Amino acid sequence: MPPRGLASERNNHWLPHPYPGVGFTDLRPLLKETDKMSNSHLEKPTTAGIHASAPLFEVRDLETVIHTRSGTVHAVNSVSFEINAGETLGVVGESGSGKSVTMMSLIRLLASPPVELRGGQVLLGGEDLLKLDEGALRDLRGKKVGFVFQDPMTSLNPVFTVGFQLMEPLRQHLGMSRRGAHDRAVELLALVGIPDPARRVDEYPHQFSGGMRQRVMIAMALACDPAVLIADEPTTALDVTIQAQIIELMRELQSKLGMAVIWVTHDLNVVREIADRVLVMYAGQVIEHGPVDALFAQPAHPYTRALLATMPRAGGAKQERLRAIEGMPPILTEAPQSCAFRARCGHARARCAQELPRRQPLSNGHDVACHYPLREVAEHV
Amino acid sequence: MLTFTLRRLFLMVPTLLVIALAIFLLLELSPGDPMSQLPLSIPEDVREGLRAALGLGDPWYVRFLRWLYLFAVVEPSHMLAAATGLDNLAIEGPRLISFQTRSPVADLIMQRLPQTLWVVGLSYLVGTLLALPIGIYSAYRQYGWFDQFGVLISMAGFSLPSFFTGPVLILVFSIWLGWFPTVYDTMLTVSDWSSFWLQVRQMILPVAVLSLLNLAQISRFVRASVLDNLGQDYVRTARAKGMTERVVLLVHVLRNSMIPVVTVIALGFPTVFTGAIITEQLFRVNGIGQLLITSIYASDVPTVMTLSVIFAALVVFFNLVADVLYGLLDPRIRYD
Ligand SMILES: Nc1ncnc2c1ncn2[C@@H]1O[C@H](COP(=O)(O)OP(=O)(O)OP(=O)(O)O)[C@@H](O)[C@H]1O
Ligand code: SF4
Ligand SMILES: [Mg+2]
């Protein structure tokens, strides 16, 4: 079956349907259909150039600071990116590079104080989420923007059934009846590949394994058919086989539902596998961004290059020592005025200490924030 | 859960038997003599006669078994008879008699129970019911002015003993302002609005003193538990789903926070009967705590023994209640 036909079928199904229980049976053939095609969609659709109009989701110059006892931490500094429906944006960076704070700033999930959103815009369908009042923002969370968190063991409420937690957004955002929401919860569990969903819907999180809980989290994030799904290290807490299953599931769901996915991880292998484009973050800044292939083939920022060099590669010719990047990422107590990577950079020159490098285009869709971007093809590939 | 509860209820019997025996032996070892309060002029042979009449001459196990029979069979039968009005339910023969008053211990307890329940029980209820919203709100607005004020109040509740707050309140509200009576009048019977009003007025001070104590302890506990849960990942998940703050706090957080709190509340409940001795003395509320104190002074072994075992039974029972509530609130707990 061509993907186009599938998409239309999917659209019918994913409308907030008025007849509770009707959708359950027609889900099965749909699932089988994508199982078959999941292997054949290795080739990703290129999104560059297609979207001449405004992107679905756009972040402009996001600034987030955290007021702590020891001063103000500039956790997110002028971060900009965009994403379109059906696209996957991989976000990578060392621990502490501000990935989570960025993602949670998007739907203002961080307690304020201590966190302050200093500036920027987060545009979803032309609407600035940073300007919405609390009520409007709540209506949007879980409905238009779904969130999957890192640790599925603690991210579900232990004292409520999985069904109850799945039904909450359905009832809140779509105004479903208890029965309708319950039936849809069963469908959602089936959708994310949980066996025997009609029984498991009434079980508690502790009765699920880690991988199954992450599936539940994904089902919850997708419950209201969001336009954007933000996954903050959704597989980091899982072991490798489960990780692969979750990645496969996400791919499948994306091709079925067509949402935009922002996938935060520090596993570059995962990024390579699933993302269309990559955003590399360092000290709360985007230091390099581009299509996966271009960025992996020709990383232009010294940090990206170092990051790629730390990547363990399967089937390497000689057993190379795993290189780690020397030093620590800085914690910025002021807005950056110079290159934040300077202290760890082998290419640093005087200008790097005087002037903040801005993102400059390199080639089609590839940009880098470095005064002296590396031009040669990476030796590691 | 039901089988667990029944099994635990059944297990209470041997537990309490052991406790009762331990209390009995402890009282046996204590030096008090029920005859010590009699005038010295009573000759020794008369004393011996009195001892024999009280059954004090028998070996300890005979006395223990006699107490057990009276406590577990005879006295309940009389209570049942009194409650149902069917006099023939009551078992004939000797009763469990207090040395001090020569009346059945059960009657003493029934006389004292209303005061205790009204004053001490009500304080526990008031303290708990106020502690829940205060604790929840303090945690939600941590370090806000309400929370700071709450810290102050509970510090006062914790650190000022009731033998300090009690007299201060009496001085201010009874003596200076004259709003409330200084002494609790046990003989007051509520028959109309004015006597009801009197009853309310005389209850206010002791209830206030005791409530403050309960409030301080439980609200701090609730606050800590809610704070602990507010930092959990599932709270962020609930917010990310678009749940309102009300739902986040009163559904997601509250249910989790209550797990340790109900345990503390349930375990604290038996102290209604024991923990208010000082306050009862201060306000002359002659409740059960006061009965225990006077009985100890008078070496009234049957009364002390009976009250102690009842307290022990309450403690054991409310332990069970706590466990059952815990299991009901937390699905991760399975008693099988
Ligand atoms: N509540 C907080 N108080 C103070 N500083 C914070 C707080 N949360 C985050 N930070 C700081 O903000 C910066 C970015 O943290 P963030 O959690 O976004 O990193 P991350 O890229 O998600 O890292 P990881 O890969 O470990 O998840 C870090 O320097 C961190 O110390
Ligand atoms: S700007 Fe300078 S210091 Fe920073 S990464 Fe580029 S070369 Fe290195
Ligand atoms: Mg993170």
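Analysis parameters
- Residue positions are counted from 1 within each chain, in the order its sequence is given.
- Lettering of chains starts at A and numbering of ligands starts at 1, both following the order in which they are written.
- It should be noted that, the model being predicted, local features are given only for residues of pLDDT at least 70 and side-chain atom pairs only at 80 or more, the latter also being counted only at that level, while totals for whole chains, interfaces and linings use all residues.
- Just so you know, side-chain values use all the structure's heavy atoms and leave hydrogens and water out.
- When DSSP locates at least two bridges between a pair of strands, those strands are taken to pair.
- Only DSSP runs of H or I reaching four residues or more are called helices, and only runs of E reaching two or more are called strands; each is numbered from the N terminus.
- Helix axes are fitted only over the stretch in contact, all axes being lines through C-alpha atoms; the angle between N-to-C directions runs from 0 to 180 degrees.
- Should any heavy atoms of two residues lie within 4.5 Å, those residues are counted as being in contact.
- Whether a residue is near a molecule or strand depends on its heavy atoms: it is near if one of them lies within 4 Å of it.
- Any pair of N or O atoms that falls within 3.5 Å is considered a polar contact. Within protein, one atom must be able to donate a hydrogen and the other to accept it, and sequence-neighbouring residues count only if both atoms are side-chain atoms.
- Under the convention used here, a 1.4 Å probe and the Shrake-Rupley method define accessible areas, while residue burial counts only the protein chains that appear.
- Amino acids are sorted into nonpolar (Ala, Val, Leu, Ile, Met, Phe, Trp, Tyr, Cys and Pro), charged (Asp, Glu, Lys and Arg) and polar (every other residue, Gly among them).
- Angular relationships are summarised with four words: roughly parallel below 35 degrees, roughly antiparallel beyond 145, roughly perpendicular across 65 to 115, and oblique for the angles in between.
- Crossings are sorted by hand: turned counterclockwise from the far helix by less than a right angle, the near helix makes the crossing left-handed, and turned clockwise it makes it right-handed.
- The method works on a 1 Å grid over the protein atoms by themselves. A cavity is a set of points holding a 1.4 Å probe that cannot get out, a pocket is an open set with protein on both sides within 12 Å along at least five of seven lines, and residues with an atom within 4 Å of a point line them.
- Each molecule is assigned to a cavity or pocket provided more than half of its atoms lie within 2 Å of the corresponding grid points.
- Salt bridge criterion: a side-chain nitrogen from Lys or Arg within 4 Å of a carboxyl oxygen from Asp or Glu.
- Each residue is assigned to one of three classes by its accessible area relative to the maximum for its type, calculated with a 1.4 Å probe on protein chains only: buried under 20%, partly exposed between the two thresholds, exposed over 50%.
- The criterion is simple. A nonpolar core is a set of buried Ala, Val, Leu, Ile, Met, Phe, Trp, Tyr and Cys residues joined through side-chain atoms within 4.5 Å.
- Grid points are joined across faces, edges and corners, and a volume is the space filled by probe spheres set on the points.

## Comments concerning the sheet that holds strand β3 (residues 88–92) of chain A
Residues and elements named next belong to chain A.
Then comes step 1: Strand order in the open sheet made by the eight strands is β6-β7-β8-β3-β9-β10-β12-β11, with mixed pairing throughout. Of all strands in the sheet, those bounded by a partner on one side alone are β6 (145–148) and β11 (360–363). In this sheet, neighbouring strand axes are inclined to one another by 20° on average, regardless of whether the strands run parallel or antiparallel.
Then comes step 2: Pairing of β6 with strand β7 (residues 228–232) involves four bridges; the strand directions are parallel. When the bridges of β7 are listed, Val148 appears paired with Ala231.
Then comes step 3: Contacting β3, β9 (277–282) and β10 (285–291), helix α12 (residues 302–309) crosses the sheet at an angle of about 105° to β9.

## Quick notes on the site of ligand 1
All names here are of chain A.
Then comes step 1: The immediate surroundings of ligand 1 are formed by 14 residues, with Ser95, Gly96, Lys99, Ser100 and Val101 found nearest.
Then comes step 2: Between ligand 1 and Ser97, the relevant distance is 3.2 Å, taken from an oxygen atom to a main-chain nitrogen or oxygen of the residue.
Then comes step 3: The backbone of Lys99 places a nitrogen or oxygen atom 2.9 Å from an oxygen atom of ligand 1.
Then comes step 4: In isolation ligand 1 exposes 630 Å². Once the protein is present, 67% of that is buried.
Then comes step 5: Mapped by element, the contributors of at least two residues to the shell around ligand 1 are β1 (57–68) and α3 (99–106).
Then comes step 6: Of all the elements, α3 adds the most residues to the shell around ligand 1, at three residues.
Then comes step 7: Within the shell around ligand 1, the residues separate by chemical class into four nonpolar, seven polar and three charged.

## Here we look at the packing of helix α7 (residues 193–230) of chain B against helix α9 (residues 245–268) of chain B
All names here are of chain B.
Then comes step 1: Between α7 and α9, the least distance of the axes is 9 Å, while the angle of their chain directions is 135°. Judged on the interaxial angle alone, α9 and α7 are oblique. The two elements α7 and α9 meet at a crossing, and its hand is right-handed. Facing α7, whose interface residues are Ile218, Phe221, Val222, Ser225, Val226, Asn229 and Leu230, α9 presents Leu249, Val253, Asn256, Ser257, Pro260, Val261, Val264 and Ile265.
Then comes step 2: Among the residues forming the contact of α7 with α9, the class breakdown is eleven nonpolar, four polar and no charged.

## Considerations on the site of ligand 2
Residues and elements named next belong to chain A.
Then comes step 1: Around ligand 2 sit 13 residues in total, of which Cys339, Cys345, Cys352, Cys370 and His371 are the nearest.
Then comes step 2: Applying the majority rule of atoms within 2 Å of the grid points places ligand 2 in the largest cavity.
Then comes step 3: Residue classes in the shell around ligand 2 are distributed as nine nonpolar, three polar and one charged.

## Notes on the pattern of salt bridges
Then comes step 1: Taken as a whole and assessed by the stated rule, the structure comprises 23 salt bridges over all chains.
Then comes step 2: In this structure, Asp196(A) and Arg199(A) form a salt bridge, with 2.7 Å as the shortest nitrogen-oxygen distance.
Then comes step 3: Under the relative-accessibility criterion, Arg199(A) is labelled partly exposed at 46%.
Then comes step 4: For Arg223(B), the salt bridge identified is with Asp147(B), shortest N-O distance 2.8 Å. Of this pair, Arg223(B) sits in helix α7 while Asp147(B) sits in helix α5 (residues 145–159), and the two are 76 residues apart along the sequence. For the pair shown, Arg223(B) and Asp147(B) are each scored as buried.

## A word on the nonpolar core
Then comes step 1: Residues Phe57(A), Leu106(A) and Ile262(A) are the most contacted members of the largest nonpolar core, which totals 78 residues.
Then comes step 2: No other element matches the seven residues that helix α8 (residues 210–222) of chain A contributes to this core.
Then comes step 3: Apart from the residues within four sequence positions on either side, Leu106(A) is in contact with Phe57(A), Val59(A), Leu62(A), Phe81(A), Val122(A), Leu129(A), Ile230(A) and Ile262(A).
Then comes step 4: Formed by 62 residues, the second largest nonpolar core is a distinct cluster that contains Val105(B), Ala139(B), Ile218(B) and Phe283(B).

## As for empty space enclosed by the protein
Then comes step 1: Within the structure shown, the criterion is met by four cavities of 30 Å³ or more.
Then comes step 2: For the largest cavity, the calculated volume is near 80 Å³.
Then comes step 3: Lining the largest cavity, in full, are His301(A), Pro302(A), Cys339(A), Phe341(A), Arg342(A), Cys345(A), His347(A), Cys352(A), Pro357(A), Cys370(A), His371(A) and Tyr372(A).
Then comes step 4: Gly142(A), Gly146(A), Phe147(A), Phe149(A), Met217(A), Met220(A), Ala221(A), Thr237(B), Ala240(B) and Lys241(B) are the residues that line the second largest cavity.
Then comes step 5: Looking at the lining of the second largest cavity, the elements with two or more residues in it are β6 and α8 of chain A together with α8 (233–240) of chain B.
Then comes step 6: When residues of the lining of the second largest cavity are assigned to their parent elements, the largest contribution, three residues, is made by α8(A).
Then comes step 7: Of the residues contributing to the lining of the second largest cavity, the split by class is six nonpolar, three polar and one charged.

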